[in-house]
Each structure stands twice: as structure tokens, then as C-alpha cells.
Amino acid sequence: MKKWMVFFVAVFFFSLTASAQWSVLPGGGAGKKICVDNGRVWVLGMDDGIYSFNAGSWIQYPGNGKGKDIAVCNGVPYVIGMDDAIYKGTGSAWERLPGNGAGKRIYCDNGTVWVIGMDDGIYSFNGSGWTQYPGGGKGKDIAVANGTPYVIGMDNAIYRGNGSNWEQLRGGGYGLAIYCGDNKPWVIGMDGGIYSFSNNAWVQYPGGGKGKDIAVYGAVPFVIGTDNSIYRGN
């Protein structure tokens, strides 16, 4: 009985410590993709609709748009539409960006929209069309920090653009999804865990959390959990 009690207390303490690192956002939200803009969380809901979190509840963006991925710049949402085209929210509806771009993943950095194209190439929007990043790189997901793109490569390794080509980050990291926060890349690892890149190594976020997609504001991660709920790191 004494051994059983010690084991029970140990397990309870471990579970409490782990769960204390993450809190589910209120409002009963669930989603497929996530991003953060100036501290405000946005998701693609389970119905593919576009929602943002405000004052404890989830608000659908006007226009009843749907998408496959989302990025937001200063309150303006951009989505990969269900037809793979790139759309911008106007506040009441959606309009396609010029240049006939199409993509698989989207990201916004300092007002510039980036995508993984249908050919898996890396492109940014110049205001009227799409410019391919030098080096001919390809990827599965993208994040950008101050003009420097990071991608999940076709081999799931993590690469950084250097202006003319691509270099693999040290540390041997691999991932399923990527986001930049606190001026560094964060990933959902191949095991579903949450990792950030620091001092040429990948450091797992405390608490043993797992997720499907990630966004970061400052040094605080937000994830789509394995149950599709939205969690905030503590």
C-alpha cells in the first residue's frame, strides 16, 4: 500500500507539473491551423472558417470565407483558399491577390506575404506579383523572421535562406510545422513535441505538450493540440 501511494503521488505530481505548462484558451475553440498577429490568435476552424480570439470568445471574420491556411498582418487576414488561390480579407469580404498566385502554406512577416507554392517553391508577394526566393529551394512549411525565411524541407529538415541559397540549421532538427517567434524558429517536431532553436540546438518546451500546428508571440507558443483544441504555453 505504501509503494502504491508513493507511485500515485509521483504520477499526480508529474501530470500536474506537465499540465501546468499549458492552458486551453476559453471559448471552446478548435482548429486546424493557427497564427498570431500582435498578440491576437487566429485559427482556421474545423469548418475551415476564419476565426480570431477576442475577450474570451471566438469571432468569425466577415464574409464567410474558408481556407486551408492562414496568416495575418496588422489585423488583415490572408488565406490559402479552398481553390489554393491567395486571398486577402477586406473587412467584409475576400479578394484575390494579384499575380494569380496559388499555394500550400502561407506566412506574413512585417507586412510581406510569403507562400509555399504549388510547386513547393518559396515565394513572396511584391505588391503586384510573386517573386521566387533565390536558390530554388522547396519546402513543406515556411516561417519568416525579419526577411529571413525558414522552411521545413522536403526531407523534413529545417533550412534557412541566406539570400542566395539555403543552409540546414545545426542541431539535426526535423519538423512538421514551423513558426518564428522571439526572433527564432519554433517547430512541431516529428514526435509532435514543441521545440525552439537556441544556441545551434533544438530545445523542447517544458511540459511535454504535443500539437499539430504552432504559432508564437514573443516567447509564448500557441498550438493546435492533438485534440484540435487551442492551447497557450505558460
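Residues numbered from 1 in each chain as written. Predicted model: local features only at pLDDT ≥ 70, side-chain atom pairs only at ≥ 80, totals over all residues. Heavy atoms only, no water.

## A short note on the packing of aromatic side chains
And then number 1: Following the criterion strictly, the structure yields 10 aromatic pairs and no others.
And then number 2: Taken together, a centroid distance of 5.0 Å and an interplanar angle of 65° make the contact between Tyr-107 and Tyr-179 edge-to-face. Taken together, the residues Tyr-107 in strand β10 (residues 103-109) and Tyr-179 in strand β18 (residues 175-181) connect sequence positions 72 residues apart. In this pair, the class of Tyr-107 matches that of Tyr-179, namely buried.
And then number 3: Centroid distance Trp-186 to Tyr-205: 6.2 Å. Interplanar angle 50°. Geometry classified as tilted. Residue Trp-186 is found in strand β19 (residues 184-189), and its partner Tyr-205 is found in the loop between β21 (201-204) and β22 (211-217); the two are separated by 19 residues along the sequence. Comparing Trp-186 with Tyr-205, the two get one shared label, buried. (Phe/Tyr/Trp six-rings, centres within 6.5 Å; stacked < 30°, edge-to-face > 60°. Helix = DSSP H or I, 4+ residues; strand = E, 2+ residues; numbered from the N terminus. Buried < 20%, exposed > 50% of the residue type's maximum accessible area, 1.4 Å probe, protein only.)

## A look at the sheet that holds strand β5 (residues 57-60)
And then number 1: With antiparallel pairing, 4 strands are arranged side by side in an open sheet as β2-β3-β4-β5. Pairing within the sheet leaves two strands with one partner each, and these edge strands are β2 (31-37) and β5. Pairwise comparison of adjacent strand axes, ignoring direction, gives a mean angle of 30° for this sheet.
And then number 2: As judged from the 4 bridges shared by strand β4 (residues 50-54) and β5, these two strands associate in the antiparallel manner. Residue Asn-54 lies in a different strand from β5, and its bridge partner there is Ser-57. (Pairing = 2+ DSSP bridges. Axes fitted to C-alpha atoms, helices over the stretch in contact; angles between N-to-C directions.)

## A short note on the pattern of salt bridges
And then number 1: One pass over the structure, following the stated rule, counts 8 salt bridges.
And then number 2: For Lys-32, the salt bridge identified is with Asp-48, shortest N-O distance 2.9 Å. Here Asp-48 lies in the loop between β3 (40-45) and β4 and Lys-32 lies in strand β2, a separation of 16 residues in the sequence.
And then number 3: Given a relative accessible area of 17%, Asp-48 falls into the buried group. (Salt bridge = Lys/Arg side-chain N within 4 Å of Asp/Glu carboxyl O.)

## Quick look at the state of the cysteines
Two cysteines, two sulfur atoms, one covalent bond between them: this is a disulfide.
And then number 1: In the structure shown here, the tally under the stated rule is 1 disulfide.
And then number 2: Cys-35 carries a free sulfur, and the closest cysteine sulfur to it, the one in Cys-73, is 8.8 Å from it.
And then number 3: Counting only cysteine sulfurs, Cys-108 is the nearest neighbor of Cys-180, a cysteine outside any disulfide, at a range of 13 Å.
And then number 4: You can call Cys-180 buried: its relative accessible area is 9%. (Disulfide = S-S within 2.5 Å.)

## Brief notes about the confidence of the model for the protein chain
Note that predicted coordinates carrying low pLDDT should not be read in detail.
And then number 1: On average, residues of the protein chain score 92 in pLDDT, and 92% of them reach the 70 mark or higher.
And then number 2: Taken together, the stretch residues 1-18 has pLDDT below 50 and engages in 1 contact with residues farther than four places along the chain or on a different chain. (pLDDT = per-residue confidence, 0-100. Contact = heavy atoms within 4.5 Å.)

## Comments concerning the sheet that holds strand β8 (residues 86-89)
And then number 1: Taking strand neighbours across the sheet as the criterion, the 4 strands line up as β6-β7-β8-β9 in an open arrangement whose pairing is antiparallel. One side of each edge strand has no neighbouring strand; the edge strands of this open sheet are β6 (69-73) and β9 (94-96). Across the sheet, the mean angle from the axis of one strand to that of its neighbour is 25°, orientation sign disregarded.
And then number 2: Pairing of strand β7 (residues 76-80) with β8 involves 3 bridges; the strand directions are antiparallel. Considered in β8, the bridge of Val-79 is made with Tyr-87.

## Section: the layout of surface pockets
Using a probe with the size of a water molecule, rolled over the atoms, empty space left in the structure can be pinpointed.
And then number 1: The space that makes up the largest pocket amounts to roughly 580 Å³.
And then number 2: Together, 34 residues line the largest pocket, and Val-36, Tyr-107, Cys-108, Tyr-179 and Cys-180 are the ones closest to its centre.
And then number 3: For the lining of the largest pocket, the secondary structure elements donating two or more residues are β2, β6, β10, β14 (141-145), β18 and β22.
And then number 4: In terms of residue class, the lining of the largest pocket is made up of 19 nonpolar, 8 polar and 7 charged. (1 Å grid on protein atoms, 1.4 Å probe; cavity = no way out; pocket = protein on both sides within 12 Å on 5 of 7 lines; lining within 4 Å. Points joined across faces, edges and corners; volume = space filled by probe spheres on them. Nonpolar A, V, L, I, M, F, W, Y, C, P; charged D, E, K, R; others polar.)

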